[in-house]
Amino acid sequence: MDLFGGLLSGFQVVLQPANFLYCFVGVFIGTLIGVLPGIGPIGAMSILLPTTFGVSPVSAIIMLAGIYYGAMYGGSTTSILVNIPGESASVVTCLDGYQMARSGRAGPALGISAFGSFIGGTFSIIALMFVANPLASVALKFGPPEYFSLMCLCLTILIYLAKGSVIKAVIMGLFGLLLSTVGLDLTTGKPRFAFSAATLFDGIGIVPLVMGLFGISEVLTNIEGPLERIIFKSSIKNILPNLDDWKRSAGPITRGSVLGFLLGILPGGGSITSSFVSYTVEKKVSKHPEEFGKGAIEGVAGPETTNNAAAGGAFVPLLVLGIPPNAVMAVLLGALIIQGVAPGPTLINDHPDIFWGVIASMYVGNIMLLVLNLPLIGMWIKVLKVPYGILMPLILLFCLIGAYSLNNNIYDVVIMVIFGIVGYILRKFEYEEAPLVLAFILGPIMETAFRRSLIMSNGKFSIFWTRPISAACLIIAVLLFISTGLSIYRKTKPKMTE
Amino acid sequence: MRKRISVIFCLVVSLFTFVTLDSSIDKALGAEEKYPSRSIDMFCAYVPGGYADLINRFFVKGLEKYLKVLVIPGNKPGGGEVVAAIELANSKPDGYTVAFLADGPLIITPLLGKAEEYRDKLRIVAKLICTTQVMAVSTESPWKTFQEFMDYAHKNPGLTYGHGGVATAMHIRAEYLNKIGNLKMRGVPFKGDPEVTQAVLGKHVSAGFFSYQAPKRLADAGKMRILFSFTPPGFGPDPTLPTITSFFGKDTPDILPPSIYVVVPGKTPENIIKVLEGATEKVSQDPEFVNNLKTLYAQVCFTDSKTVYRDVLLKQGSIYKPILQSVGLKVVEGKEGMMAGVQ
């Protein structure tokens, strides 16, 4: 079946009333889940999984897939409005989105986030159609040495995340790496820093950590201020992005689409890592990098585009090889298996209705999400007018419920509260959370990849530079590190000679 | 107006208090309820969508049919199933919290001495499922049979294999094969079957050990080749695959297939355990359940609670012990290294 024939047949499937409804239900629930901090798409998908038993496989997958990419749309809302990432992939949006909201530009932030998500999502679907197969083969070439080198490259970018002191950013990065060592060591099976608590055997959860560092600490910081404080000094106007916003966002959206899709294909790459990388790339190429962290629209457009493009990219290994690159895709895989469908290399031939139906549903779903989210901007902005005395306790309540809902485990709530206090203290001493979060995410991937590589090579380090992809990543990482070091030296040299 | 609201509020509170007290009084007076009389929580120790989660959902459907109450599936992942085991051990022993646990927390973790928090607080109702685990290679590799692979491994020691985690049931089987076949392979730990699959397809390891369903799909698509199966002869979805006894001889101690058990808190009354055991046995014979399991290449292997302790846990433990020691893990000897109740 040729591409366009397949796509047309896919649209035929998805535009049937029942499937159209399932698509809408999926994206609607996904958006809601994305907005609510903590409760992620995995929770929603697992609750709705039994409802798919009695429906056709294509309807089941359309709905569940809609929840996933819908959550990526909704995740930016609370990041922008109240500095709490609704989804862990929306952590980076907090850095500039929230600052935009504080200066009365919540509308353009939400608007560009919605448009960027739409464009990124649509791009990834088109790419999925045309290049899924060859890219799946490329993804397989990434083994442990390649992952280690790629993570080294990604870690060098944490320097760029810093608004202020680079040294403080590095300290936070090291702290993040340290926190990432908590849990069962994959290589030896022995617990590290778990203090015999079974709940820590899997390490500290990223979601409670992020909710604590950003959300709870924000609540604690605001408790210090007067209750009657006016939230924003300027009035909220222009609820959609203007021409200047679009000019500034065009580049980040374009770059974010490509970057997100490529990184989303890699297991472990995913939405979170790609959004950090996008932010850093935009800061690096921007003519006004000093604006980042203070409300630069590029800092919202890039990451939000990227995380939706990555969501689309994550479908590549699942649909082409039957390998779920993350936990969300694992639920989709489970749903397909329950329906008696085995995703993998033969899916497109054995079940073309499912393959093309899912792709067509993603087009339709992305349009639905744009139509759903844009009119809601006016409503979301009104949240900012809620008095702090009501808003902060509500935020706290949602965070507590969200943290517990992850695994029905009270210790997730405890971890969130602890990191809320840690985040508050870090803010007082002007240490930034973003480098910590990035290092926390990348640390385990880097460590396990490093140790697996050495097991594979029987202890020889040459495995990292004798494999071409790994060598290329390491060289880029070293060059980036040197170039950053030189530019910091050039900036500080005049001060030193004075 | 305010008075009306106050009255309504008081009525609501009174109603709520009455309902709560009513059930409390019944319990205080020791009123016997027929079991089951309300919904049951049935959780597994893995993330949603995973293999064990899917089996749990199929089982839940069957259990609802025979117990005639709502059974709610849940997930308590983490810590190699230990989180789920501890959660179950601390649950009320009234038969309304049940879990699906595998060899990990019931055999391996006690052997490693990490089960103190639940070792004597759980009771196995029945063994229900046996799963098939296999060894597979990429179709681009030169080995077409296990014999060819073994011959190559003997001449070229140091081949690598991927497995789903240290001290998991899969790792133990892989090391067992490594030992009896003298394969001299190095194990590379990954986190679950998907990562092992990717490593094998990308040829970053020579072979992979995983649950049957992942390589089976890829074998059907011509991307993988399954060379060995850890099931007793004639058991498992592909009886033509070589197994421990069929390849190495009948006298070679066999390792039972990894199993999944229905478990309750230790102090659950015997009459409730009997009801659950009976329902589990009926589900194991239900054609819909058996067919559903086939989609996951799992098989029913029902064993009642007495036989499980006597024949399964003890026997498997004795085979797992030396393998765990051979990979450098410290094993607890004697009864302290087993679930309470193993004879």
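Residues numbered from 1 in each chain as written. Chains lettered and ligands numbered in written order. Predicted model: local features only at pLDDT ≥ 70, side-chain atom pairs only at ≥ 80, totals over all residues.

**Structural notes on the overall build of chain A**
Move 1: What chain A contains, in helices and strands, is 22 helices and two strands.
Move 2: Its C-alpha atoms give chain A principal-axis dimensions of about 70 × 60 × 50 Å.
Move 3: In chain A, 79% of the contacts between residues at least 6 apart in sequence involve partners at least 24 apart. (Helix = DSSP H or I, 4+ residues; strand = E, 2+ residues; numbered from the N terminus. Contact = placed C-beta atoms within 7 Å.)

**Some remarks on the overall build of chain B**
Move 1: Along chain B, the regular secondary structure elements total 12 helices and 11 strands.
Move 2: The burial tally for chain B puts 51% of its 343 residues in the buried class.
Move 3: Counted over contacts in chain B with a minimum sequence separation of 6, partners at least 24 positions apart contribute 76%. (Buried ≥ 20, exposed ≤ 12 C-beta atoms within 10 Å, placed from the backbone.)

**Here we look at the sheet that holds strand β10 (residues 259–265) of chain B**
Residues and elements named next belong to chain B.
Move 1: With mixed pairing, six strands are arranged side by side in an open sheet as β2-β1-β3-β10-β4-β11. Edge positions in the open sheet fall to β2 (71–75) and β11 (298–304), since each of these has one partner strand only. Adjacent strand axes in the sheet meet at a mean angle of 25°, parallel and antiparallel pairs treated alike.
Move 2: Here strand β4 (residues 122–131) runs beside β11; their pairing, made up of five bridges, is antiparallel. (Pairing = 2+ DSSP bridges. Axes fitted to C-alpha atoms, helices over the stretch in contact; angles between N-to-C directions.)

**Thoughts on the interface of chain A and chain B**
Move 1: In this assembly, 42 residues from chain A lie in contact with 41 residues from chain B.
Move 2: Among the elements of the structure, α3 (41–48), α15 (327–338) and α20 (433–456) of chain A are those that each provide at least two residues to the side of chain A that touches chain B.
Move 3: Examining the composition of the side of chain A that touches chain B, we find that eight residues originate from one element, α15(A), more than from any other.
Move 4: A per-class count over the side of chain A that touches chain B returns 25 nonpolar, 14 polar and three charged. (Nonpolar A, V, L, I, M, F, W, Y, C, P; charged D, E, K, R; others polar.)

**Focus: unusual backbone geometry**
Residue and element names in this part refer to chain B.
Move 1: Cis geometry marks the peptide bond from Tyr35 to Pro36; its omega dihedral reads -5°.
Move 2: Tracing the backbone through its elements, the reader meets Pro36 in the loop between α1 (2–28) and β1 (40–44).
Move 3: With phi around 50°, Lys184 is a residue other than glycine that occupies positive phi space.
Move 4: With respect to the helices and strands, Lys184 occurs in the loop between α6 (169–180) and β7 (186–189).

**A word on helix α4 (residues 57–82) of chain A**
Residues and elements named next belong to chain A.
Move 1: Taking 1.5 Å per residue as the helical rise, α4 with its 26 residues ought to reach 38 Å, and the 38 Å between its terminal C-alpha atoms agrees with that figure.
Move 2: Bending of α4 peaks at approximately 30° at the position of Met72.
Move 3: Burial of α4 is extensive: 25 of the 26 residues sit out of reach of the surface.
Move 4: Once α4 ends, the next one or two residues include Asn83, with phi positive near 65°. (Expected span 1.5 Å × (residues − 1). Bend = angle between axes of the 7 residues up to and from the residue.)

**Let's talk about the confidence of the model for chain B**
Residue and element names in this part refer to chain B.
Move 1: Scored by pLDDT, chain B comes out at a mean of 85, with 89% of its residues at no less than 70.
Move 2: Segment residues 17–31 is flagged for pLDDT under 50; beyond a separation of four residues in sequence, or across chains, it makes one contact in the model.
Move 3: Predicted as a complex, the structure gets a pTM of 0.82 and an ipTM equal to 0.80. (pLDDT = per-residue confidence, 0-100.)

**Some points on helix α12 (residues 305–326) of chain B**
Residue and element names in this part refer to chain B.
Move 1: Helix length check: α12 (22 residues) gives 31 Å between terminal C-alpha atoms against 32 Å at 1.5 Å per residue, within 8%.
Move 2: Of all the bends in α12, the largest measures some 25° and sits at Tyr320, one to four residues before the proline Pro322.
Move 3: Buried residues along α12 sit against α4 (103–111), β4, α6, β10, α10 (270–285) and β11.

**A short note on the nonpolar core**
Move 1: Of all hydrophobic cores here, the largest spans 261 residues; its most connected members are Ile61(A), Met151(A) and Leu332(A).
Move 2: There are two domains that each give this core at least three residues, and those are domain 1 (40–129 + 259–337) and domain 2 (133–248) of chain B.
Move 3: In this structure Leu332(A) touches Ile61(A), Leu64(A), Ala65(A) and Leu318(A), once residues within four positions along its chain are discounted. (Core = buried A, V, L, I, M, F, W, Y, C linked by C-beta atoms within 7 Å. Domains from an automatic or database assignment.)

**Digging into the sheet that holds strand β8 (residues 207–211) of chain B**
Residues and elements named next belong to chain B.
Move 1: Spatial strand order, β7-β6-β8-β5-β9: five strands in an open sheet with mixed pairing. Only two strands of the sheet have a single partner each, and these edge strands are β7 and β9 (224–229). Taking the axes of each pair of neighbouring strands and ignoring which way they run, one obtains an average angle of 30° across the sheet.
Move 2: Bridge analysis of strand β5 (residues 133–138) against β9 gives five bridges, and the strand direction is antiparallel. Among the inter-strand pairings, Val134 is bridged to a residue of β9, identified as Ser229.

**A word on the environment of Val383(A)**
Move 1: Along the chain, the position of Val383(A) falls in the loop between α17 (352–382) and α18 (388–407).
Move 2: The class of Val383(A) is partly exposed, set by 15 C-beta atoms lying within 10 Å.

**Regarding the domain arrangement of chain B**
All names here are of chain B.
Move 1: The domain architecture assigned to chain B consists of domain 1 (40–129 + 259–337) and domain 2 (133–248).
Move 2: Each partner contributes to the interface: domain 1 provides 14 residues, whereas domain 2 provides 12 residues.
Move 3: Elements with a minimum of two residues in the side of domain 1 that touches domain 2: α4 and α12.
Move 4: The element that contributes the greatest number of residues to the side of domain 1 that touches domain 2 is α12, accounting for four residues.
Move 5: Considering only residue class, the side of domain 1 that touches domain 2 consists of 11 nonpolar, two polar and one charged.

**Let's talk about the confidence of the model for chain A**
Residue and element names in this part refer to chain A.
Move 1: Summary statistics for chain A give a mean pLDDT of 83 and a share of 94% for residues scoring 70 or more.
Move 2: Here helix α8 (residues 158–161) stands out as the least confident element of chain A, with mean pLDDT 70; helix α21 (residues 463–466) is the most confident, with 94.
Move 3: Low confidence marks residues 229–234, where pLDDT is under 50. Its contacts with residues over four positions away, or in another chain, come to eight contacts.

**A closer look at the packing of helix α9 (residues 166–180) of chain A against α20(A)**
Residues and elements named next belong to chain A.
Move 1: Contact pair α9 / α20: the axes reach a minimum separation of 7 Å and the direction vectors enclose 40°. Relative to α20, the element α9 lies oblique. With respect to the hand of their crossing, α9 and α20 are arranged in right-handed fashion. Counted together, Ala169, Met172, Gly173, Phe175, Gly176, Leu177, Leu179 and Ser180 of α9 and Pro435, Leu436, Val437, Leu438, Ala439, Phe440, Gly443 and Pro444 of α20 form the full contact between these two elements.
Move 2: For the contact of α9 with α20, a count of residues per class yields 12 nonpolar, four polar and no charged. (Parallel < 35°, antiparallel > 145°, perpendicular 65-115°, else oblique. Left-handed = near helix turned anticlockwise from the far one by under 90°.)

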